[in-house]
Amino acid sequence: KNPPSGVCVTMEATCIMLKKKPVMRREPGSVGPKVADYWETAQKELLGSAKVLLSTLKEYDKDNIPATIIKKIEPYVKREDFQVKAVAKASKACKAIAMWVHAMYNYYNVSLEVEPKRERLRGAESQLAEVEAALRETKDKLATVEERLRLLTENFEKAVARKESLVNE
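Heads up: these notes are all about the structure in this document. Throughout, a residue's number is its position along its own chain's written sequence, starting from 1. Given that this is a predicted model, residues contribute local features only at a pLDDT of at least 70 and side-chain atom pairs are listed and counted only at 80 or more, while totals for whole chains, interfaces and linings are drawn from all residues. Computation of side-chain values: all heavy atoms of the structure, hydrogens and water removed.

Some points on the pattern of salt bridges
Alright, step 1. Just to be clear on terms, a salt bridge is a Lys or Arg side-chain nitrogen sitting within 4 Å of an Asp or Glu carboxyl oxygen. Tallying each qualifying case throughout the model produces twelve salt bridges.
Alright, step 2. Arg150 is the salt-bridge partner of Glu147, the closest N and O atoms lying 2.6 Å from each other. One end of the pair, Glu147, and the other, Arg150, are both in helix 6 (residues 92–168), three residues apart, so they sit about a helical turn from each other.
Alright, step 3. Through salt bridges that share partners, Arg25, Asp37, Glu40 and Lys44 make up one connected network. Strands are runs of DSSP state E lasting at least two residues, helices are runs of H or I lasting at least four, and both sets are numbered from the N terminus onward.

Some words on helix 2 (residues 38–45)
Alright, step 1. For every residue, the accessible area obtained with a 1.4 Å probe (protein chains only) is divided by the maximum for its type, and the residue is called buried under 20%, exposed over 50%, and partly exposed between those limits. Along helix 2, the residues that are buried comprise Tyr38, Trp39, Glu40, Thr41 and Ala42.
Alright, step 2. In the core, the buried residues of helix 2 are packed alongside helix 1 (5–17), strand 1 (23–25) and strand 2 (35–37).
Alright, step 3. For the purposes of these results, a polar contact is taken to be a pair of N or O atoms within 3.5 Å, where, inside protein, one atom must be able to donate a hydrogen and its partner to accept one; residues adjacent in sequence count only when each atom of the pair is a side-chain atom. Backbone nitrogen of Trp39 and a side-chain oxygen of the N-cap are separated by 3.1 Å at the start of helix 2; the cap is Asp37. Contacts are assigned to residue pairs with any non-hydrogen atoms lying within 4.5 Å of each other.

So, the nonpolar core
Alright, step 1. We call a set of buried residues a nonpolar core when its members are Ala, Val, Leu, Ile, Met, Phe, Trp, Tyr or Cys and they connect through side-chain atoms within 4.5 Å of each other. With 31 residues, the main nonpolar core has Met17, Ile65, Ile73, Phe82 and Trp100 as its most contacted residues.
Alright, step 2. Mapped by element, the contributors of at least two residues to this core are helix 1, helix 2, helix 3 (50–58), helix 4 (67–78) and helix 6.
Alright, step 3. If we ignore the near neighbours within four places in the chain, the residues touching Ile65 are Met17, Tyr60, Ile70, Met104 and Tyr108.

Structural notes on helix 1
Alright, step 1. How far a helix is expected to stretch is found by multiplying one less than its residue total by 1.5 Å. Over its 13 residues, helix 1 extends 18 Å from the first C-alpha to the last, a length consistent with the 18 Å expected when each residue adds 1.5 Å.
Alright, step 2. The element helix 1 is largely enclosed, with a buried count of ten among its 13 residues.
Alright, step 3. Turning to helix 1, its buried residues are Gly6, Val7, Val9, Thr10, Met11, Ala13, Thr14, Cys15, Ile16 and Met17.
Alright, step 4. The positive-phi residue at the C-terminal boundary of helix 1 is Lys19, with phi of around 60°.

Side note on the packing of aromatic side chains
Centre-to-centre distance and the angle between the planes together describe a pair of aromatic rings.
Alright, step 1. The aromatic pairing rule takes the rings of Phe, Tyr and Trp, using the six-membered ring of Trp, and pairs them if the centres are within 6.5 Å, calling planes under 30 degrees apart stacked, those over 60 edge-to-face and the rest tilted. In this structure the tally under the stated criterion is one aromatic pair.
Alright, step 2. Seen in terms of ring centroids, Tyr60 and Trp100 are 5.1 Å apart; in terms of plane orientation they differ by 80°. Their pairing is edge-to-face. Within this pair, whereas Tyr60 is found in the loop between helix 3 and helix 4, its partner Trp100 is found in helix 6, the two being separated by 40 residues in sequence. Accessibility assignment for this pair places Tyr60 and Trp100 in one class, buried.
Alright, step 3. Here the guanidinium or amino end of Lys62 rests over the ring plane of Tyr107, the centre of that ring lying 5.5 Å away. Here, over-ring charges are defined by two tests on the NZ atom of lysine or the CZ atom of arginine: distance to the ring centre within 6 Å, and angle to the ring normal within 35 degrees.

Some remarks on the packing of helix 1 against helix 4
Alright, step 1. Between helix 1 and helix 4, the least distance of the axes is 9 Å, while the angle of their chain directions is 170°. Put simply, helix 1 runs roughly antiparallel to helix 4. Of the residues in helix 4, those touching helix 1 at Val9, Glu12, Ala13, Ile16 and Met17 are Ile69, Lys72, Ile73 and Tyr76.
Alright, step 2. For the contact of helix 1 with helix 4, the per-class residue count stands at seven nonpolar, no polar and two charged. Here the axes come from fitting lines to C-alpha atoms, over the contacting stretch only for helices, and the angles between their N-to-C directions go from 0 to 180 degrees. We call two directions roughly parallel when the angle between them is under 35 degrees, roughly antiparallel when it is over 145, roughly perpendicular when it lies between 65 and 115, and oblique otherwise. Following the grouping adopted for this structure description, the nonpolar residues are Ala, Val, Leu, Ile, Met, Phe, Trp, Tyr, Cys and Pro, the charged ones are Asp, Glu, Lys and Arg, and the polar ones are all others, Gly among them.

What follows is the structure in structure tokens.
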């Protein structure tokens, strides 16, 4: 029994995101090449336990999605029958999963723009730390020089006062 198209497409995209291999089979009565059947994979590996599926989606390492996965998923994200509203008509449960696939795709693309900025920020913060350390060192040297100047000025004033007291005697 085949599920609605929206459910099939959602499960295909989810299997691709989770690196689940499809079952390769020929269409009944066909002698042509085998085609990927993600529905059977989804039934066996994803749909057995809603809790496990939910946990898998929550714990997905979104910061390290391989570009190859994004390249495979991109055609799905652009399909009319994989838009969230279209999937919602087929299945409310699959709507949330489709939203997750779209979100991971969008996160990947946004992170491509943000990561270089994060790297520049880390570089600027490192440079700032170096400058602040040099400033602290310079302030410490200045404090030492000021203390020495204060002592010299104090000794000079004492010497001048002593000279004047000797001259006045």
